[in-house]
Structure formats: structure tokens, C-alpha cells
Amino acid sequence: MNLDRVNQIINGYGADRAVSLAVLQDIQREYNYLPREALELAAGRLDMPLGEIYRMATFFTAFSLQPKGEYVCKVCLGTACHVRGGARILEAVERELDIKAGQTTSDGKFSLEAVRCVGACALGPIVMVNEEPHAYMTPDKASKLIVQLAAGKVERVEAPPAPRSARAPIDLSSVPPAG
Amino acid sequence: MATLIIDGQEVHAEEGQTVLEVARANGFEIPTLCYHPQLEPYGACRLCIVEVIRRGRSRLETSCTYPARDGLVIKTKSPPVIEARAVILGLLLSRCPNVPVIQELALEYGITEPPFPVEDPEEKCILCGLCVRTCHELVKADVLNFSQRGIERRVGPPFLEKTRQCIGCGACTIVCPTGAIEIVLEQAGIYKEKPLGPTAAIWVPSLQAVPRVPVIDTDACIRFRQNDRTEGEIADACGVCQMVCEAGAINFDQQDEVVEVDVGTVIVATGFQMWDPAQLSQYSYGKSPNIITGMEFEHLSNAGGITSGEILLADGRKPEQVAIIHCVGSRDHNAHEYCSRICCMYSLKQAHLVRDKTDAAVYEFYMDMRAFGKGYEEFYERVQEEGVVMIRGRGAEVEVLPDGKLRVKGEDANLGRLVYVDVDMVVLSTAIEAPHDANQVAALFGLSRSVDGFFAEAHPKMRPVETNTGGVFLAGAAQAPKDVPDTVAHAGAAASMALALMDQGEVTISPAVAVVDEELCSGCKTCISLCPYTAISFIEEDNVARVNEALCKGCGTCVAACPAGAIEALHFTDEQIVAQIEGVLAWV
Amino acid sequence: MAERHRADLLISCLHGRYPELIPTLQEEIERRGLTGEVGVVEAGCRGLCAMGPVMLIKPGGLFYTNVQPADVPELVEETLIKGRAVERLAYKEPVTHQSVCYYEDIPFYSKQVRHVMHDCGMIDPQSIEEYIAVGGYQALSKALTTMTPKEIIEEVKKSGLRGRGGAGFSTGWKWEATRQSAGDVRYAIANGDEGDPGAFMNRSLMEGDPHAIIEGMVIGAYAIGNVRNAYIYVRDEYPLAVSNLNIALEQAREYGLLGEDILGTGFDLDIKVVRGAGAFVCGESSALMQSVEGKVGEPRPKHYHATERGLWGQPTALNNVETWANIPLIINKGAEWFASFGTENSKGTKTFCLAGQIQNTGLIEVPMGITLREVIYDIGGGIPGGRELKAVQTGGPSGGCIPASLLDLPVDYDSLVEAGSMMGSGGMIVMDDRTCMVDIARYFLEFLKEESCGKCSPCREGIRAMLEILTRITEGQGKMADLETLETLAKTVQTASLCGLGKSAPNPVISTLRHFRDEYVAHIEDKKCPAGVCKALIEYYIIEDKCLGCGLCRRKCPQGAISGEKKEVHVIDPALCIKCGICRDVCKFDAVGVR
Amino acid sequence: MPRLKSVEELQKLRTQLQKNIESRTETSTTITVGMGTCGIAAGAREVMQAILAELDKRDINAHVTTVGCIGMCHKEPLVDIRQGDEPRITYGNITPAMVSRLIEDHLANGQVVDEWVVGRVAG
């Protein structure tokens, strides 16, 4: 495993344990998980006990010690999504992928995560696939999305656009604009 | 100094004390699980909560972390406190239903059954963090740590795997309140080589010594081992002994040092060492933890020892048969030919102790019973009356049987037959021998050693405490194996000889000493290396050898050896001897 | 550098969707020769998240919702060239379905008082020039040159500003306490670790107006004294907030508004962004500070306030990002102006996130003391589908549920606490009659079970025990005695836990037990879930006279539990049904019921 | 990028920058240019650009908006100026060359250019 990037990341911050969290975040971003060798290297460079690094790596949910699948599906279970049926979406995706939240499919294609609020409550229930939001989910739509992803094509599943019936523009010249 | 009221009683607190410390110092009982006086307060188990009333507001706070501020009113047993503790104990009992400490505490608060569903009845860890904090704060090994969070929180080494970072100090197992940590030794640990050896890095080598001084084994001490790991830098690890020693007697910086003292006389009392029975493989020493030496038996039966004086087998059972083998390494052409003199009597004493403390049968394999001291013969008879089986004949071999029993074989010389007995424990009455560094001591003081390796006295009958070096005396087993009364007598004699010498204020020496004729001396230094009394030194500026008359015994070695014929023995010059001869022959 | 536009298009609420929208717009503008006349600005949050992307056209104030790339040619032609509104893109009043063309006429906005969020959505957050142009850093120059630190603290105290992060501690007093703590080194921290599910006010603020936070922090650092370094702690889940803040900090440094000798006054301060990594507990002050120090975010006993011993043991002023963003307003417009909004003990305005079963999901800013009714019906547009409001959950997992009967409750710190909830950072989840309150309590405890750091036993074990009981109740296995056990457990977890997370963890249980005990009883005694949520207690069935036998549900059922001939009434086999609810979702005739 | 060394420099910078976002700030002056097909055909686009340039040159704070056909197609390009509560003044047949005087007289000096006025509408 090539750990040059880890060294570069640490060099960018300076070898101080106060930056450990940022270093781990960047490693996670770089490799999509925290390789054990990278953690061991970081512990040495930052002069931290390996146990402390391991503790951080397992404490924060942003980190994973296992490689993630090609598609990381995050089903939002924030409060807003929950009251709109987020749990049912998760169940549907679990059923479709035949894995539980927190697992990766055996072919390495999908990782499923249940997350708490991605901050886009208005679009709930929401499923994020590799940082791309899929809004207004229903269990049926979620299943479809997975099938599409597995087949390699992604169609946006979106809210119906505003009705296009009222096409007649209003002439504003009769109504002078305010402000 | 702060004044606060605990359960209606006014108490005083020092600066920096916590409520818990003040309460405990004043005899108030507060339960804790995650607190340890040598560690930073952590506030995790929450059992030590008390009601704190400050500025009229009452709250529940953990006493282990709450500073003892002036004017606080503390209630350690008010209903909200009791209720909260009971709920917490109920929760902890549900986590760890089979941990005695939790069971007992819960029972105190009236909880007998886990009130909530139990996930894993074998769970023992309550996540108090004592082990983690000990490993970090005291040991500085930083091996144990938490991982995960919430209910998934765990304690363990990195990646929850075996790690070479663990120094196996075992501090975590000691602080763990619930017995959740076990140390598995994969290789023989420091103390696994010998049974009944020390169990900690600080131990008392001679249990009955006065004063009873402990030593730190730097090979085992966490602090010294961490020093090694940090390549000689002082690791600020552990140091608990220093913190708890009220006398302030522990100093880690202490180094071995050479002390120079000017003295008039020297008494050499370097004692003996026990002979290692592993040198004779037929005794199987080291192959079973229940084959022990007489010295180890002493540690075992001592009230201050690891079993508090109980005589137990390695697995904690009481022995049912014990064999004691005399003359292990003594009177033996393969080891020491001499008689160690003390073994017969200590073996009898140990036989007596076994009979006294257990119901075990005792078999003594002896060659001759040398009960020569005052009252010794009577003791021998008494031990025989106590039912100890005496087998005359050397115990020849000890065999470890597959079931752990020990088979002792030997010849009963009285019956003229080979015999064996199966026992649980074998005590080897090992020889005593001169210390391993006796030759260095001998060279230092110009002492001779007898064939057995002990220091030679000036005359076996007439001068038993003196040596051939003036002002140097022998005391105790340094001279030859001795039991306690003989040692005391010998040492008394040495002391009085030394005192007598010093009391005179001056030393009478024989007039027959060697002198160097400096005109003739060529400075070859031959005499210097030959002088057994280090009485000749070389004077650089004059390039000649010179004799210290106070040290010279007039032995004449140098006179005979001097190639230049520059040394003469005073009053024994060739001319004088020739004159004497001529005078004698004048009769003829 | 001046570039006068006759019109600016302010686009917000993209949420990562339609990344091609802005390039398409720019292309079209160029094609029509409007470059230089018309500006396109990707601005911060405008609040109406559900209708995003939204576009505000200045001057004039035309407001379009749900703008998609396909709408661009028409929009440019009609509005930018011919000056006419495209009505189909206008905001639709949820109840009357009337189109509202102008931003200021939309009830969602007209009832709001946008102070902190005023520039959010009006300026490009990545441009310090725009911030300065709208009056940014005026408060800073006023504070640094005309006010003493003491005067600033007095002004903040007088304004009555209380912490916007939850507990509502007086900001002025906090600063004063920090200033009075002995220390050559002090710190200031902005808490942007918005962990409450269903809350995104801080994200919007950090993304949309990062300079306001920075300006507030510089003023605060000056007032507190001996602050050389300050930190903004941001959730790593908000990458745009992190990058906008970093851009803003870099720009402020370049302009000399940060760093050494700020504006030539000799005052030095640097601010760094520290990213969190997904731990709700890091919103707790002592855990947050541990995390800034590069350790695992685990709370410590707080017998010394952070103002005394905070970051690295030094006096530290830790405020929510929204609190900091209020400071420039107070300095610019004065404490009296600020205090003229709000109630006796809760001054100023507060941002909230309206989410859940509500028409206008989004971010709002209202004066303290506004009633829940105004928020939900006037601003939020009421409950979709004309359903009935059941409760409003405020304060995130640490808060509680306020029942519909308390709809006229004024929203301020003290009234919310009295009603068994709390202000929190400003999440407001609206729940209708299809929300099961036992399930909501269970939901929050499940969240907290995962988020508890696990250090102290009452929180770690107590939450698990409460969750087990609640799960049992939702599965129909509850006993009436469980309610008492829940109350006892809740009380101990509340009083005996180490940090704020544990101390407030039982709030969802306590408040639902207090206001919705009948629902618990229904689950336990009648084995019924009145809201039709708890799977073990419900059953899906086909309403015979509505079913036309289209067969859609039969095809969609993942279990094959639905059978029926074409054009005949279908039947659900309860033995096979896993209650996923797909049949009910897909049925176009509302023929699937729950009982 | 300029490093601000004093409060005065900040104020100066702000004044400069305010123009960039003029369309977003409140103002009492609105200039409306008729941009129906007729208007554009008659040269309204050029008139509007001239207005923008002139406002910029004179540093005048005013909004410029467009509307569709105002209805007097023969008088295009039409320019409408409204200041606060003053009556709305409509000028007709404006060419880019006329813009400079229009702005100077009407906005800078407050003098309505009577000979170009085609209509006045109160408030």
C-alpha cells in the first residue's frame, strides 16, 4: 500500500497531535476508508499512541476501517425524514440489497449506511448516493433507484415539476413593480 | 481552607481536595467504582453522586470530581441520592449480572435481580476506565484504550488485538474492580521461572530480616522498564510506590555508588548462597512447581509470604504427602563434597511445620542425621514422634508423573532395598556454598580460601576468626557452613577480636619484615605481584619498590624472588643466618 | 472593479441538484447579449428549501421557485428582456394555490423578521466584496476604533442576547466572565457542530453568510481580550460550509480584517476552521473543546465553566455561530434596537428549521415570542393534505414534543422549557396525526443510544434500558408498570448523567409521557397504534369498495402477499405481509388502509 | 488584493463596492426602459446600456428595470423615471445621445426635461 499521500497530508498540517482529527478526515477522503497501515503511520508521525488513533477512528462515524463499496448509499433517518417514513425507505433498500445498514454487498458494489440528517430536510425522505441527493423517496422509488444503480444507469428520481398549465405571462407594465 | 457540612457535620478541606476525599477522610462512606486515589478523577460510574447544596440550589453531583468549595452543604444519603444510586446499580447489574462487586453493592441498595434484560451474562466490564487511565497515566504504556462509543464502547488494545506494546505489567488487572481483565502469558514471564518467587516488582527478599527492607526489581518495575523503552530517557511512568510511601523512602534516581570509609579493622561476613538444584537433573527441579527448595519452603510457610503462611501446592490445594530430601548437593561427589551442616535441622523443622500446619504425611530421605547442637537431638526425637517417616538413604531421583504427582525414589539403607513414595510436594534441602564472587572478595582482602571455597581462617583450631591478613576477621558462614547459634558465636568472637585490636590503638607487628635496598633495586616490579599481602608498592619518582612495614608479614617470598637480590628479610639476612649456622656449628 | 448590473439573479437552495443550472443561465444570458447587464449570483439559503432551486431577481423582487435548467430560455426571454413574470415558476400559496410573484408578498417571508439571515441569499457568500458592499465589517471598524472592550460587553449585555445554541446563557455575561478569568491566553470558539437531526440553520448561515460569523468573532475576541486564536468548529458533513468559511477567512486575511494589526488598530486575531467528524456529543461544550484539542470528543465533568478553564485549560468563550452572527447587528444598530424585538427575557430574533409534516419546509427567522400557531400556519403554510397537527418537536433529541393544544405558546427560551421542551439550536419538526409519539420517543432514544459517548453509566446503560422498554411497547409487549419504570429511569438519567447529552436524553420520553400518555396506554392496554405506525400493532388491508383490481399493489408487493384477479377486489395475506407499506404508497385509489 | 490599513480605507472600499450590488439595495429612484419588441426595434437596448454607463459615470444610485410594451409604440424607446413619491415621468423617443442630458437634468439637478416628456402619472 502506497502511503505517500498519508505523509503528504501530515506534512501539510505539521506533525502535531492537535491536527489528528483533520489528518484522519483527509485520509478517509483519500482512501475512502482508514487503512490500518495509514493509522499506524499517522500514530508514529503525530507522536500519539496507536490506541488513541484507533479510538478516534472508531468513535467518529465519519470514519470507516473497512473499504466502502462503489456506491455508498446513505439513507437519512433524521427526524424530518423519520416522520416522513425514512425507516421504511431503509427497510426497502435493505431488502433490495440484502444487507443491513453498515454493511457492504459481497460484490463490493454497494455500501449501505443509515445516517442522521444530511441537512436537507425539505427534500425528505432523502437518500444520498455518493453525495448526490435523491429526494422525496418512497420505498418503491428507492428500490427502483437501487436496481438502476446496479444496472449501471442513474436516472434522477425527482419531485414532479411545477404544473406547466398556467403559461400565460402577466404583463407587468400595468402593475408597476414595487421596491 | 474550606469549611463544608457533610451530613450535618462540619468538616474542613484542604485546597484542591474533592468532596469525596474530604468525605472519606472524615469517615463518610461513599461507594465508588471508577475512582482510584492515584488517578485523575473521571466521573464515569456516577455511583459517588451526592446531593450538593450551593447557594441554595440543590443538585446531584459526583463527589469524586466536585471540588470541596467553602460553604457547601453535602448530603451523602438523602433520598434522591439513594434513589439515583439504586437505579445506576440496577443498570450496572443488568450489564454485568455475575460480577460479585456489583452484586454486593446492588444488594446494599436492595437490588437482588437485574431489573433490565441482560444481553450477555458473562459481561464483566463496566467501562469504568480505571485500566485505561492506569495504562496511560501511571504506566505510560498507552496500550489499553476505549474504542467505539455508546453502548458499543469497549476497552482493549489497538484493533482489539494482541500487541507487543503491552509490557505485561498487569497493573490493569490490579485496578480492575470487576476482574474483567486477564493477562495471558505466552512466553515465560519474568516470574515464571521459579515457583514461589516474587510476585511483584517490589518485594522483600528476606521476610524475617530486621528491618524488613523491600527491594525494587528494576527488571520488573514498570517505571524502569519504560525507561528502557524510551531509550534511557526518564519515563514519568508509574511511581505509585513513591506516592504512597509515607516515609518518602523511595528514590528512583538512586544509583549504585562507591563509599570510601577509613577503618581500623574489617570483618568479612559475606555469608553463603544456596546451591542451585537444577544442576543435578535427577531432582527434576523446575519441572514441577511443587518441587521446591528449602528456601522456597521458608517463603511459603512464612506468615508474610504469598500464602500468608499456609502450605499449599501451586494449584492452591493442601498437600497430602510431602517428601523432604536431604543432602541435595552436599556430601556428593557430583556437587559439593562437604556437609552443609544446617540442612538436617532445618529439614526437621520443616517436617515439623508441615505436620503442624497440614495433615500431610512427611517422608524424610536422609543419609545421616546430624543433630549435633544443644537440644537438637531432642528435637529430632520429637519430630519422629510426630509421625514423620524417616528413610535412611539418599533420595536418588524425583520423577514427575503424568497426573502431576511426584515419585521420589531412593535406597533404604537400613533395609537395603530400593524404595519409592508418591507425594504432592518435594522439598529439596539444598547445599549452601560460598558466594559466587568469593574469589574477588578474597583477592581484595588477601584472604585464602579452603578447598570448599569458603574463606580460610588463620588456624583451624587456634585462630578460627582471624585471617592471615592483619586486622581482617571472618564471621559466620563466610568461613564455613554454620547454623544460627554457631554464626552468632563466631560473629561475636570476630567482633571482640576487632575491638581488642582497635582498643590497643596501635598494632604490634613482627620485627621480621622485608626491606628493599634501594641502591640495588632495578625497578622490575617482580616482588609487587608476588606479595600475598599487597605490602610492596612501587614508588614512581624514585623508580624503586618499597615495603609497607605495617603490612609485611615477613614471609620472605619477595626476598627469594628478587632477581637483583635487593630485598632482605630484616633479622633474617643471609649474613645473620650464616652467622647463626656458624655459631651452632661452633660447638662441633 | 465596479460592475453595475441592472439586474442580479440570486439563486439559492440548489442542494447539489442541477449543477448545470447556473452555467446554463450564464450561457443564455451571453447568447442574448445581456452579459455585463445581468449578474448571476449563487447566494446562500433563502429558507424555502422545499421549493429549491429558488431565484430572486433584483431589483423588483420577482421570486421563482423550483427553477430547472429547462426553464432558463423562457425565463431570460420573458423576465430579463421583456420584464414580465413567468407565472408558472412563481410561488404557489399551498392552500389557495394562488401564484405569488413577488418575494415580499409571500406569507412565508412577510411574517418573518430576517436580521441574522438578512444577507443570506442576498450576496455571494464567496465574495468578501459583496459583504463589504452591504455594510459588512462596519461593526468591526466601529467596535475597534470607537468602543472599549468594556463598552462592547456592556452593549451585548444590554441587548439581552442569549446563546442561540440551546441553553440560552447570556452572551454578554459569558464574555465578561471570560474576560475576568485570569489568563494571558484566552480563546473564542464558534460552535457550528449542528448535530440535531432536522436542523440546518447553522449550516445555512455558515454557507450563506460566513463573514458575519467572522466579524462577530473578531469583535468578541477584541472585547474578551488576550484572544489571539479562535476556532470555528464545523460538522464535516457540511463541506460547503467548511469551504465557504475557509474562503471567507482567507479573504478576510487578505484584506487585513484578520491576522496581525487588523485595520491598522494593532489588534491581532486569527481564526481557524476545525472540522468535526460525526459525533452529536461534540456539540457539548467540553467534548467540543476536547475535539478541537485533537482528542476524542468525550465530555469532562464541568465544575469549572469553560469561561474559567476551557480550551487547553484557558478561559474560553464558546458560542453558537448564530450567536456570533448577531454581534455585528448589535454593534451596528445598538442594543436598544436589538432588544426591541422579542420578549422580556428572550430578545432579538431566532432562526428555526421548519421540517416534517409541513407545507413550507425551510429555514425561517422570527422574533422571539412569536406563537407556534403563527409559525406553523402563517409561515409554514400549515399541514399538507389538510391533516391535523399533533405536535411540534423542538430542541432536537434533547428537546421535547409540544402538543397541538399549546399552539399559542410563545416561542422563547423560558416558555419552551416550561412546556417540557427547549429552544435548542432551532429545529422544529412538525408532526401530524400519522406520527406515533411512542415511536418518536423510541426514535430519539435510538439516535441517542448511538450518539452517547458511553463514558458514564446512567447515560450509556439508562438510554439502552429506556429504549428496550419503548421498543417493547411499540411491539405490543408493554406493561403499564413500564411507564413508571420509564419515569424512574428518566429521572436518574436526567440528574446523574455527566454531560448535557445525558442530562437531556430522557426529555423526549418525559415530554411524550407528559403530553401523550394516552398513546402509550393505547399501545399497552389496547395493543393499538393510533397513528398506524408501529408495525407489530397494525395491519394493512384492502378497502373493498375502493379497490378496482388494477393489480398495481400485487405487482409491487415485495413479498407476494397480495392476490386477486384483474378487476376484482384484491386481498392482503397478513401472514406474508411485512408491512412495508409499498402497496399503500402505490395505490392510486386510496384503497389500502391501515388498522 | 489591497490590505486595509485603516477604517478610512475600508469605508472607501465599501463606497466603491456598493455599485456592484446596487441592483440589490434599496433606492428611491427607478428608471424603467420599455423593452417590448417595438422598443427593442427602436433602439431601447442601446438606450438602456447608455443609461447604465451614465449612472456609473456619475455615481448615481438608481435601479434600472425593463418592462414589456408600454403601449405607446410610436414614441419608443420609452424611458420612465420615478423618484420616491414624485409623479412618474415618461420620456419618449429617447436615443442614446439624449441619455446624458436626461440623467444630468432629471436625476442630478432635479429638473424634468419638459420637451421630451410624453406623460406623467401620479404616484
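Reading the values: rules and limits
- Residues numbered from 1 in each chain as written.
- Chains lettered and ligands numbered in written order.
- Predicted model: local features only at pLDDT ≥ 70, side-chain atom pairs only at ≥ 80, totals over all residues.
- Heavy atoms only, no water.
- Contact = heavy atoms within 4.5 Å.
- Buried area = accessible area lost by both parts, 1.4 Å probe.
- Salt bridge = Lys/Arg side-chain N within 4 Å of Asp/Glu carboxyl O.
- Polar contact = N/O pair within 3.5 Å; in protein donor to acceptor, adjacent residues only side chain to side chain.
- Helix = DSSP H or I, 4+ residues; strand = E, 2+ residues; numbered from the N terminus.
- Patch = residues over 30% accessible without salt bridge, like charges linked within 9 Å, V, L, I, M, F, W, Y side chains within 5 Å.
- Areas by Shrake-Rupley, 256 points an atom, 1.4 Å probe, with all protein chains shown as cover.
- Lys, Arg positive; Asp, Glu negative; His and termini not counted.
- Charge placed at Lys NZ, Arg CZ, Asp CG, Glu CD.
- Domains from an automatic or database assignment.
- Core = buried A, V, L, I, M, F, W, Y, C linked by side-chain atoms within 4.5 Å.
- Buried < 20%, exposed > 50% of the residue type's maximum accessible area, 1.4 Å probe, protein only.
- Expected span 1.5 Å × (residues − 1).
- Axes fitted to C-alpha atoms, helices over the stretch in contact; angles between N-to-C directions.
- Parallel < 35°, antiparallel > 145°, perpendicular 65-115°, else oblique.
- Left-handed = near helix turned anticlockwise from the far one by under 90°.
- Nonpolar A, V, L, I, M, F, W, Y, C, P; charged D, E, K, R; others polar.
- pLDDT = per-residue confidence, 0-100.

Caption draft 1: Structural detail: the interface of chain A and chain C. The partner chain C presents 71 residues to the 59 residues of chain A that form the contact. The largest contributions to the chain A side of the interface with chain C come from Phe59, Thr79 and Arg116 of chain A, which together make up 13% of the buried area. Between the two partners, chain A and chain C, sit seven salt bridges. Applying the counting rule to chain A against chain C returns 23 residue pairs in polar contact (both at pLDDT 80 or more). The greatest single-element share of the side of chain A that touches chain C, amounting to six residues, is contributed by helix H2 (residues 20–31) of chain A.

Caption draft 2: Main features of a positive patch on the surface. Taken together, the side chains of Arg554, Arg555, Lys566 and Lys567 of chain C present a region of like positive charge at the surface. Structurally, lysine 566 of chain C can be placed in the loop between strand E18 (562–563) and strand E19 (571–572).

Caption draft 3: Here's a closer look at the domain arrangement of chain A. Each assigned domain of chain A is listed here: domain 1 (4–59) and domain 2 (71–151). If you average the C-alpha positions of domain 1 of chain A and of domain 2 of chain A, the two centres end up 29 Å apart.

Caption draft 4: Quick look at the nonpolar core. Among the nonpolar cores identified, the biggest contains 131 residues, and Tyr137, Ile152, Trp175, Ile213, Leu257, Leu269 and Ile271 of chain C are the most heavily contacted of them. The residues touching tryptophan 175 of chain C, leaving out its near neighbours within four places in the chain, are Ile152, Ile153, Val156, Gly220, Ala223, Ile224, Ala317, Asn319, Trp324 and Ile327 of chain C. Membership of the second largest hydrophobic core comes to 94 residues, among which are Ala38 of chain A, Phe116 of chain B together with Ala490 and Ile538 of chain C.

Caption draft 5: Layout of the arrangement of the chains. Contacts are most numerous, across the five pairs of chains in contact, for chains A and C. Considering only C-alpha positions, the minimal separation of the non-contacting chain B and chain D is 47 Å.

Caption draft 6: Structural detail: the interface of chain B and chain A. Counting residues at the interface gives 12 residues for chain B and 13 residues for chain A. Across the chain B/chain A interface, buried area totals approximately 1200 Å², and carbon plus sulfur atoms make up 57% of it. Looking at the side of chain B facing chain A, the largest losses of area belong to Asn145, Arg149 and Phe159 of chain B, adding up to 49% of the total buried there. Our count for the contact surface shared by chain B and chain A stands at one salt bridge. For arginine 36 of chain A, the salt bridge is made with glutamate 161 of chain B, and the minimal N-O distance between the two is 2.9 Å.

Caption draft 7: Main features of helix H2 (residues 79–95) of chain B. Between its first and last C-alpha atoms H2 of chain B spans 24 Å; for 17 residues at 1.5 Å apiece the expected length is 24 Å, and the two agree. With 13 of 17 residues buried, H2 of chain B is to be regarded as a mostly interior element.

Caption draft 8: Region of the structure containing the environment of glycine 309 of chain B. All names here are of chain B. Of note, glycine 309 is situated in the loop between helix H8 (294–301) and strand E13 (321–328). For the pair formed by glycine 309 and glutamate 298, sequence separation is 11 residues and the distance between their alpha carbons is 9.0 Å. When near neighbours in sequence (up to four residues on either side) are disregarded, glycine 309 contacts Leu300, Ser301, Asn302, Ala303 and Lys357.

Caption draft 9: How the structure looks around the packing of helix H9 (residues 210–224) of chain C against helix H10 (residues 239–254) of chain C. Residue and element names in this part refer to chain C. Between H9 and H10, the shortest axis-to-axis distance is 9 Å and the interhelical angle comes to 55 degrees. One finds that H9 runs oblique with respect to H10. Viewed along their axes, H9 and H10 form a crossing whose handedness is right-handed. Of H10, the residues touching H9 (which contributes Pro210, His211 and Ile214) are Asn244, Leu245, Ala248, Leu249, Gln251 and Ala252. Across the contact of H9 with H10, the residue classes break down as six nonpolar, three polar and no charged.

Caption draft 10: Spatial organisation of the pattern of salt bridges. Per the stated rule, a full pass over the model turns up 70 salt bridges over all chains. With its nearest N and O atoms 3.5 Å apart, the salt bridge here joins glutamate 237 of chain C to arginine 235 of chain C. For arginine 235 of chain C, a relative accessible area of 6% gives the class buried. When the shortest N-O distance is used, the salt bridge between glutamate 54 of chain D and arginine 58 of chain D registers 2.6 Å. On the criterion of helical spacing, the pair formed by glutamate 54 of chain D and arginine 58 of chain D is a turn pair, its members being four residues apart in helix H3 (residues 44–58). On the basis of relative accessibility, which here comes to 29%, the residue arginine 58 of chain D falls in the partly exposed class.

Caption draft 11: Seen up close, the confidence of the model for chain A. Residue and element names in this part refer to chain A. Residues at a pLDDT of 70 or more form 85% of chain A, whose mean pLDDT is 81. No element of chain A has a lower mean pLDDT than strand E4 (residues 132–134), at 82, and none a higher one than helix H4 (residues 50–59), at 94. Scored below 50 in pLDDT, residues 157–179 shows 44 contacts in the model against residues more than four places distant or in partner chains.

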